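The residues making up each chain are set out below.
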Amino acid sequence: MARILIVDDSPSQLLGIKRIVEKLGHEALTAEDGAAGVEAARKELPDLILMDVVMPNLNGFQATRTISKDAATAHIPVVLVTTKDQETDKVWGLRQGAKAYVTKPIKEEELVETLKGLLPA
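Residues numbered from 1 in each chain as written. Predicted model: local features only at pLDDT ≥ 70, side-chain atom pairs only at ≥ 80, totals over all residues. Heavy atoms only, no water.

Looking at an unreviewed UniProt entry, one finds the protein named Response regulator and attributed to Dyella soli.

Now the structure itself:
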């Protein structure tokens with residue numbers, strides 16, 4: 001069982017993703033914006049982070065960059081989960097340190113496959 005941090009400012013998105021994560025038998029931690037996500041990553045050291053992009057305070061690109069450049073959290077894979085579906089957004093997200101990019105609306109199968117690919121068996 002992995003500990004997965006979900007960072008999203010939409011309560012309904014947060015709940016939907018949390019349901020999928022828990023259905024797979026993982027523990028879901030949540031944060032409601034990028035700054036809280038960075039703080040939770042440092043405090044909780046989750047096995048993986050699912051990060052929204054469009055959020056107040058610190059957006060998902062900024063939060064991902066912060067997490068991937070911090071020695072304490074750089075080992076944690078970040079998956080961007082966002083409505084931003086342009087190829088340039090995806091390339092930029094991966095350049096910030098994300099390991100994968102999933103677009104909303106989330107297809108449960110795609111999220112499950114992404115998690116399987118990034119979490120140790």
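Teacher, can you tell me more about the overall build of the protein here?
If you tally the helices and strands in the protein, you get five helices and five strands. When the elements of the protein are put in sequence order from the N terminus, they spell out β-α-β-α-β-α-β-α-β-α. At 13 Å, the protein has a C-alpha radius of gyration in line with the 14 Å of a compact globule built from 121 residues. Within the protein, counting contacts between residues at least 6 apart in sequence, those at least 24 apart form 61% of the total. Just so you have it, the protein exposes about 6300 Å², and 51% of that area is on carbon and sulfur atoms. (Helix = DSSP H or I, 4+ residues; strand = E, 2+ residues; numbered from the N terminus. Rg over C-alpha atoms; globule rule 2.2 N^0.38 Å. Contact = heavy atoms within 4.5 Å. Areas by Shrake-Rupley, 256 points an atom, 1.4 Å probe, with all protein chains shown as cover.)

Honestly, the sheet that holds strand S1 (residues 3-7) in this entry has me stumped. Any pointers?
Think of a sheet as strands paired side by side through backbone hydrogen bonds, with each pair either parallel or antiparallel. Taken together, five strands build an open sheet; the order of strands is S2-S1-S3-S4-S5 and the sheet is parallel. Each edge of the open sheet carries a strand with a single partner, namely strand S2 (27-31) and strand S5 (100-103). Neighbouring strand axes in the sheet, compared pairwise and without regard to direction, differ in orientation by 20° on average. As paired strands, S1 and strand S3 (residues 48-51) are joined by four bridges and run parallel to one another. For Ile-4, the partnering residue across the bridge sits in S3 and is Leu-48. Across the sheet, helix H1 (residues 11-23) touches S1, S2, S3 and strand S4 (78-82), and the angle it forms with S2 is around 160°. (Pairing = 2+ DSSP bridges. Axes fitted to C-alpha atoms, helices over the stretch in contact; angles between N-to-C directions.)

Can you help me understand the nonpolar core in this one?
Buried together is how nonpolar side chains tend to be arranged in soluble globular proteins. Judged by nonpolar contacts, the single largest core of 19 residues is most densely connected at Leu-5, Val-7, Ile-49, Met-51, Ile-67 and Leu-80. Every element with two or more residues in this core is listed here: S1, S2, helix H2 (34-44), S3, helix H3 (60-69) and S4. Dropping the residues within four chain positions of it, Ile-49 is found in contact with Leu-5, Val-7, Ala-41, Ile-67, Ile-76, Pro-77, Val-78 and Val-79. Judged by nonpolar contacts, the second largest core, of 18 residues, contains Leu-14, Val-21, Leu-48 and Leu-119. (Core = buried A, V, L, I, M, F, W, Y, C linked by side-chain atoms within 4.5 Å. Buried < 20%, exposed > 50% of the residue type's maximum accessible area, 1.4 Å probe, protein only.)

I'm lost on the packing of H2 against H3 in this one. Help?
Think of two packed helices as two axes; the pair is described by the angle between the axes and how far apart they sit. Two elements in contact, H2 and H3, have axes whose closest approach is 9 Å; the angle formed by their N-to-C orientations is 20°. Taken together, H2 and H3 sit at an angle that is classed as roughly parallel. The hand of the H2/H3 crossing is right-handed. Along the contact surface, H2 presents Gly-34, Gly-37, Val-38, Ala-41 and Arg-42, while H3 presents Ala-63, Thr-66 and Ile-67. (Parallel < 35°, antiparallel > 145°, perpendicular 65-115°, else oblique. Left-handed = near helix turned anticlockwise from the far one by under 90°.)

How do you make sense of unusual backbone geometry when you look at a structure like this?
With glycine set apart, most residues show a phi of negative sign, and most peptide bonds adopt trans. With an omega dihedral of -5°, the bond running from Lys-104 to Pro-105 counts as a cis peptide bond. For Pro-105, the position within the fold is in the loop between S5 and helix H5 (108-118). One non-glycine residue with positive phi stands out, namely Leu-45, at about 45°. Tracing the backbone shows Leu-45 in the loop between H2 and S3. Using a relative accessible area of 40% as the deciding quantity, one classes Leu-45 as partly exposed. Positive phi values are uncommon outside glycine, yet Asn-57 reaches one of about 70°.

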